[in-house]
Amino acid sequence: MPRRITSHPVLGKLPQAELVTIYLDGEPLAAREGEPIAAALLAAGRRVLRRSEKLNEPRGVFCAIGRCTDCAMTVDGRPNVRTCVTPVRDGMRIETQRGLGSFPAGVASAASPMGAVVPTGEAARATQRAEVAVVGAGPAGLCAAIEAAKAGAQVMLLDENDRPGGQLVKQIHRFFGTSDHHAGVRGYEIGQRLLDEVRVLGVDVRLPTVVWGAFPGPVLGCATAEGESHALTAERLILATGASELAVAFPGWTLPGVMGAGAAQTLMNLHRVLPGERVLMVGSGNVGLIVAFQLLQAGARIAAVVEVAPQVGGWEVHADRVRRAGVPILTQHTVIEALGKDHVTGAVIGQLDEGGELRPGSERRLRADLICLAVGLRPQTQLAGMLDLEMTHDPRRGGRVPARDERMRSSDERVYVAGDLGAISEASIAMEEGRIAGRAAAAALGYGEDGETERVIEEAGRRIEVLQGDVRGGEGRPRRIMFTGGAARATPVVECYQRIPCDPCEAACPTGAIRVGPDPTALPTVEPARCTGCLRCVWACPGMAIFVVRPGPEPGEATIAIPWEWLPLPKAGTMGRGCDRAGRSVCKARVVRVLPPREAGQTAVVELAVNARHANRVRGFMM
Ligand SMILES: Cc1cc2nc3c(=O)[nH]c(=O)nc-3n(C[C@H](O)[C@H](O)[C@H](O)COP(=O)(O)OP(=O)(O)OC[C@H]3O[C@@H](n4cnc5c(N)ncnc54)[C@H](O)[C@@H]3O)c2cc1C
Ligand code: SF4
Ligand code: SF4
Ligand code: FES
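Basis of the calculations
Residues numbered from 1 in each chain as written. Chains lettered and ligands numbered in written order. Predicted model: local features only at pLDDT ≥ 70, side-chain atom pairs only at ≥ 80, totals over all residues. Near = placed C-beta within 6 Å. Nonpolar A, V, L, I, M, F, W, Y, C, P; charged D, E, K, R; others polar. Helix = DSSP H or I, 4+ residues; strand = E, 2+ residues; numbered from the N terminus. Domains from an automatic or database assignment. Axes fitted to C-alpha atoms, helices over the stretch in contact; angles between N-to-C directions. Parallel < 35°, antiparallel > 145°, perpendicular 65-115°, else oblique. Left-handed = near helix turned anticlockwise from the far one by under 90°. Contact = placed C-beta atoms within 7 Å. Core = buried A, V, L, I, M, F, W, Y, C linked by C-beta atoms within 7 Å. Buried ≥ 20, exposed ≤ 12 C-beta atoms within 10 Å, placed from the backbone. Expected span 1.5 Å × (residues − 1).

*Asks:* Tell me about the site of ligand 3, and name the residues and values.
*Replies:* Surveying the vicinity of ligand 3 reveals 15 residues, the closest of which are Cys-496, Cys-502, Cys-505, Cys-541 and Gly-543. Taken together, the residues of the shell around ligand 3 sort by class into 13 nonpolar, one polar and one charged.

So, in C-alpha cells, the structure goes:
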C-alpha cells in the first residue's frame, strides 16, 4: 500500500507543510499544500485515478512527470488534468475520469503538462526575444546557460518544472566522478549548486514554462503555469530536453502499481510518497539498481530485480549494495504478468533460456504491490523534430537522435543540442556537453574571447573523453585485498572492480593508502601498510564499496567498518547479525562504534565486532 515517507536516512524528517482539504469523488482527503494531486491521492492509498473508455480498466500514475496522461482526472470540472504535475489547492474537487473527457468550449488544445490551458489569440502572439534560449534546466541546460552567460550573452533558461535540475532533483545518491564533476555529491545538491551559479550570472530563469512548439527562426511556443502563452524568438537555441523512460508491455502492465522506475523515484524523493511496500524491479541497469536501493532506503522491500540479459547491466558496486540488503538479482529472468484486479497485487516472473525464450515450468509468483520498469530511456526529440533537424540512428546514443558536430551544433547552425537529447549518458557528460554548447552558441554571436572559448570547449571535450574511456573493459578483477590479522593496524578492503570514472577514495585518503592516479577510470590500488584506519574512505566512496577491517577489540575479534545509509542508525552496543555480500546471516555481531553523518546527507559509518574468522565475509548488519 502506498504511504507517506515520514523519515528518511538521506532526506531526513518530512518537513512541516500546511494541510489542505481536497475532495475525491466527493470524499474529503487531507493533502500537503503544493504537492501534486496524484501524490496526495497515492499517499492516501488511492491508486485508481482514471478508467479507460472502452473496457473501464483502471489506470494510475505511470510516469509522474506529465508525459503519459495515465493520471488524467477531472479537476474542478475540467477534464484531462495531468494530476501528477498539478498542485493541490484547498477545496479542489477531483473526479475519477472515465475515457477521454472533453474540453470546455473555447479552449483550443490540451492542458499543458502542469495543467495550464494553452490559450490562443492575441496572448499567444505576444513575442519575447532572447539572444540565447536554453530549453531544459537539467545538468546540460544549466551548464549551457552558465557558459553562455559567462561569455557575456543574454540568456533565457526555460523548463516545464517548477524546480530546476532535471533528473538531478530526484537523485539522492552520491555521484561518481572526479572533483571536476562534483564527485561524491548527491544529485539534488549538484542541481542546486548549478542553479546558484545560474542566478549569480543573471540568467533569466523561466519556471515552470512548457515549450510546446519550436518553429524555424528559431521561434518557440511557450506556456506558463498561469495559462499565459507567448512566442520566444532566439538568436541561438540550445535544446537540452533530456530523455523519458521506455516501457515494456506484458499482461497487466496498465494496472495501477506498474510504473517507471523514475516515476517511483520522483514520488519518493520529491514528493515523499512511497508508491508501494513490496516491489519487483524490472531491469538491472544503473537506473533499476539505484532506484531499487532508494526504495529500500525509503522503507520498501524488494522482492527481486529481474534482468533479461545474462549479466547485470549497471555498475557492480550498485548491484553489490542491493545484494547486501538481501535482494536477489535474477539474471535471464523477466516479468511475465502483473496480477491484480484494480491494482497490482503480485507478479509472475520466469526464467529465459540462452535464446531468450521462456523456460517452460520456470514461472513463479511473487507478492508485490509495485512493479517498476527500468528498461531504458528515449531522447525527448519532439522539439528537434519540429525544427526538422537532421537525425541520425545510433543505438549507443539512445536510438534516433539529432546529428551534431563537436561544438554540439545541429544541422541548423542556430540550434545546438546537449545532454541526454543528443546521447543517453550521464549527468557528468551532460554537463560538459552543455558547457560546450553554451560557449559555442555565445561565440557564434560574437561573445567571449576566442582563446577563452576554445580553452573551455577543448577542456570540456577532454573531460568527456576521459569519462567515455574504456570504462567497462580493463585488466580483469584484481586480487581481493584480504584482512589477515596479525600486526596490521587496519586493512582497507576496496570492493570496486570495474573501471568507473571515479576517484573520491583517493581524494579522501590522507596517507596515500588508496590511489587511483591521473586516469579516473583506473582501478583503485591499495597499500594496507599506509593505512591508519581513519575511515574517511568508507564514508567518501559513493559506491559504498570500501570496508575497513582491523583487529580487536577482544582477543579473536575483528572489527569491520561499513557504510550506513539506513534507518534506524544503530547505537554502540547494539547486538545483531553480521551479513555477507548477499545479505545472508553469517555470525553474531556487535556495534562497537558509530560515526553519524557530520552534516545532512552524509553517509554514516558503523563499526561491527565479529569473530575474526568471519572478517572477510561480513559486509552488513541486521538488527
Ligand atoms: C535513476 C537515475 C539515476 C542516475 N544516476 C546518475 C549518476 O549517478 N551519475 C550521473 O552522472 N548520471 C546519472 N543519471 C543520468 C542523469 O540524470 C542524466 O544523464 C542527466 O540528468 C541528463 O541531463 P539533461 O540535462 O540532458 O536532461 P534532464 O536532466 O532530463 O533535463 C531535461 C529537462 O528538460 C525539461 N524539458 C524537456 N522538454 C521540455 C519542454 N518541451 N519544455 C520545457 N522543459 C522541457 C525536462 O522536464 C527536464 O527538466 C541517472 C539517471 C536516472 C534516471
Ligand atoms: S582508513 Fe583512512 S588511511 Fe586507511 S585507506 Fe581509508 S582513508 Fe586511507
Ligand atoms: S572505490 Fe573509489 S573508484 Fe570505486 S566507487 Fe569508491 S570512490 Fe569510486
Ligand atoms: S502524465 Fe501523470 S503519470 Fe504520466
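*Asks:* Mind laying out the site of ligand 1, listing which residues take part and the relevant values?
*Replies:* The full set close to ligand 1 counts 39 residues, and Gly-136, Gly-138, Gly-166, Gly-242 and Gly-419 are the nearest of them. Residue assignment for the shell around ligand 1 shows that the elements contributing at least two residues are α3 (139-151), β15 (209-215), α5 (261-270), α6 (286-297) and α9 (427-444). Sorting elements by how many residues they give to the shell around ligand 1 places α6 first, with four residues. For the shell around ligand 1, the class distribution of residues is 18 nonpolar, 17 polar and four charged. Each of domain 2 (122-243 + 378-467) and domain 3 (258-377) gives at least three residues to the shell around ligand 1.

*Asks:* Before we move on, can you summarise the packing of α3 against helix α4 (residues 187-200) with the specific residues and values?
*Replies:* Axis separation between α3 and α4 bottoms out at 9 Å; the angle between their running directions is 30°. Classed by the angle they form, the pair α3 and α4 counts as roughly parallel. α3 and α4 meet at a crossing whose hand is left-handed. Contact residues: α3 offers Pro-139, Leu-142, Cys-143, Ala-145 and Ile-146, while α4 offers Leu-194, Leu-195, Glu-197 and Val-198. A class-by-class count of the residues in the contact of α3 with α4 yields eight nonpolar, no polar and one charged.

*Asks:* How would you summarise the nonpolar core if you had to cite specific residues and measurements?
*Replies:* If you look at the biggest cluster of nonpolar residues, it comprises 115 residues, and the most contacted ones within it are Val-132, Ala-133, Ala-145, Val-155 and Ile-238. The dominant element in this core, judged by the number of residues it contributes, is α9, at 10 residues. Apart from the residues lying within four places of it in its own chain, the contact partners of Ile-238 are Val-132, Val-134, Ala-144, Tyr-416, Ala-418, Ala-437, Gly-438 and Ala-441. Core analysis: the second largest hydrophobic core is formed by 73 residues, Ala-31, Phe-62, Ala-72 and Val-81 among them.

*Asks:* Now, about the environment of Val-456: what can you tell me, with residues and values included?
*Replies:* Among the structural elements, Val-456 can be located in helix α10 (residues 450-467). For Val-456, a count of 20 C-beta atoms within 10 Å corresponds to the buried category. C-alpha of Val-456 to C-alpha of Gln-128: the two residues are 328 residues apart in sequence and 30 Å apart in space. With sequence-adjacent residues up to four places away left out, Val-456 is seen in contact with Glu-147, Arg-435 and Arg-439.

*Asks:* An account of α3 is requested, with residue identities and associated values reported.
*Replies:* For α3, with 13 residues, the first-to-last C-alpha span of 18 Å sits near the 18 Å given by 1.5 Å per residue. α3 sits mainly inside the fold: 12 of its 13 residues count as buried. Regarding α3, the residues found buried are Pro-139, Ala-140, Gly-141, Leu-142, Cys-143, Ala-144, Ala-145, Ile-146, Glu-147, Ala-148, Ala-149 and Ala-151. Residues of α3 that are buried make contact with β12 (127-135), β13 (155-158), α4, β17 (229-239), α9 and α10. At the C-terminal side of α3, Gly-152 shows a positive phi close to 115°.

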